[in-house]
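Secondary and tertiary structure notes
Next come the chains, spelled out residue by residue.
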Amino acid sequence: MNSTIQKTIDFVKEKLEGAEAGHDWFHVERVWKLSKKIAEAEECSTDVVELAALLHDIADPKFHNGDETIALTISRDFLVLQGIEELVIEQVLFIIQNISFKNRGEVPQDLPIELKIVQDADRIDAIGAIGVARTFNFGGFKNNLMYHPDIPPKLGMSKEEYKKSNGTTINHFYEKLLLLKDLMNTNEGKKIAEKRHVFMLNFLEQFLQEWNVD
């Protein structure tokens with residue numbers, strides 16, 4: 001499988017060349033490394049974990065008019081060409097389909113450990129210092145306001161509302177990022193997320209202090 005992993009790395013690097021910086025190869029690489037770290041403490045298929053981590057953002061729907069099928073098609077075609085057995089392909093595609101924060105209300109209750117691992121890794125990369133940087137980069141990419149004191153966060157949005165949301169970057173912390181710590185699945189994920197969560201709270205406090213200059 002090691003040669004397959006290297007081929008997958010090369011494939012993802014090529015597909016994501018020129019991608020928005022918060023969802024590029026370096027994001028995938030961090031999620032892949034975090035997934036391997038979390039997997040060390042779990043009984044799981046490391047092959048499924050690594051392949052899913054590497055392919056999870058191969059065609060993020062928000063850059064493809066909300067189409068959630070493109071990533072599944074690209075990933076299946078690639079894995080079939082590599083001669084990966086059907087059971088592994090189905091497990092990887094299940095993770096790609098169900099990893100997203102916006103889909104959390106649609107996923108089955110009894111999730112495989114491989115999905116839990118990759119999901120934790122992906123969510124961890126959305127918080128902490130990296131999370132702050134990625135959030136502001138994407139907000140700039142969409143030309144969203146950084147902050148507006150008269151625009152409150154929209155809490156409890158439906159999937160469709162979340163997909164269409166163009167709120168401020170600071171609001172995104174309250175609408176998603178600050179919720180992720182309590183959505184971690186694994187003990188290792190919870191431990192890493194706790195530290196990054198505190199960083200974000202400190203950042204928001206400092207940001208609002210600097211914004212509200214007397």
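Coordinates for the structure precede this section.
Below is a summary of the structure that appears in this document. Computed from a prediction, not measured in an experiment: that's the story for all the values here. (Residues numbered from 1 in each chain as written. Predicted model: local features only at pLDDT ≥ 70, side-chain atom pairs only at ≥ 80, totals over all residues. Heavy atoms only, no water.)

A short note on the side chain of Thr168
Relative to the elements of secondary structure, Thr168 occurs in the loop between helix H8 (159-164) and helix H9 (169-175). The exposure class assigned to Thr168 is buried, which follows from its relative accessible area of 3%. Not counting residues up to four positions away in its chain, the partners in contact with Thr168 are Leu145, Met146, Tyr147, His148 and Ile151. (Helix = DSSP H or I, 4+ residues; strand = E, 2+ residues; numbered from the N terminus. Buried < 20%, exposed > 50% of the residue type's maximum accessible area, 1.4 Å probe, protein only. Contact = heavy atoms within 4.5 Å.)

Here's the deal with the packing of aromatic side chains
As enumerated under the stated definition, the model contains 10 aromatic pairs in all. With 6.3 Å between their ring centres and 50° between their planes, Phe136 and Phe173 make a pair best called tilted. Of this pair, Phe136 sits in helix H7 (residues 128-141) while Phe173 sits in helix H9, and the two are 37 residues apart along the sequence. The class for Phe173 is buried, based on a relative accessible area of 0%. Taking 6.0 Å as the distance between ring centres and 40° as the angle between the ring planes, the aromatic pair formed by Phe203 and Phe207 counts as tilted. Note that Phe203 and Phe207 are positioned in helix H10 (residues 187-211) at a spacing of 4 residues, about one turn of the helix. Through pairs of rings, three or more aromatic residues link up here, namely Phe136, Tyr147, Phe173, Phe203, Phe207 and Trp211. (Phe/Tyr/Trp six-rings, centres within 6.5 Å; stacked < 30°, edge-to-face > 60°.)

Digging into the nonpolar core
Formed by 56 residues in total, the largest nonpolar core has its most connected members in Val12, Leu55, Leu79, Val92 and Phe173. Elements represented by at least two residues in this core include exactly helix H1 (2-15), helix H2 (25-39), helix H3 (46-55), helix H4 (70-81), helix H5 (86-98), helix H6 (113-124), H9 and H10. (Core = buried A, V, L, I, M, F, W, Y, C linked by side-chain atoms within 4.5 Å.)

Observations concerning the pattern of salt bridges
Under the criterion given, the structure shown has 9 salt bridges. In this structure, the salt-bridge partner of Arg134 is Asp125, at a minimum N-O distance of 3.5 Å. Relative accessible area serves as the criterion here: at 12%, Arg134 is assigned to the buried category. For Asp125, a relative accessible area of 1% gives the class buried. Its salt-bridge partner being Lys191, residue Glu188 comes within 3.4 Å of it at the nearest N-O pair. Separated by 3 residues within a single helix, Glu188 and Lys191 lie in helix H10, roughly one turn from each other. Residue classification places Lys191 among the exposed positions, given a relative accessible area of 56%. Put simply, Arg30, Asp125 and Arg134 are held in one network by salt bridges that share partners. (Salt bridge = Lys/Arg side-chain N within 4 Å of Asp/Glu carboxyl O.)

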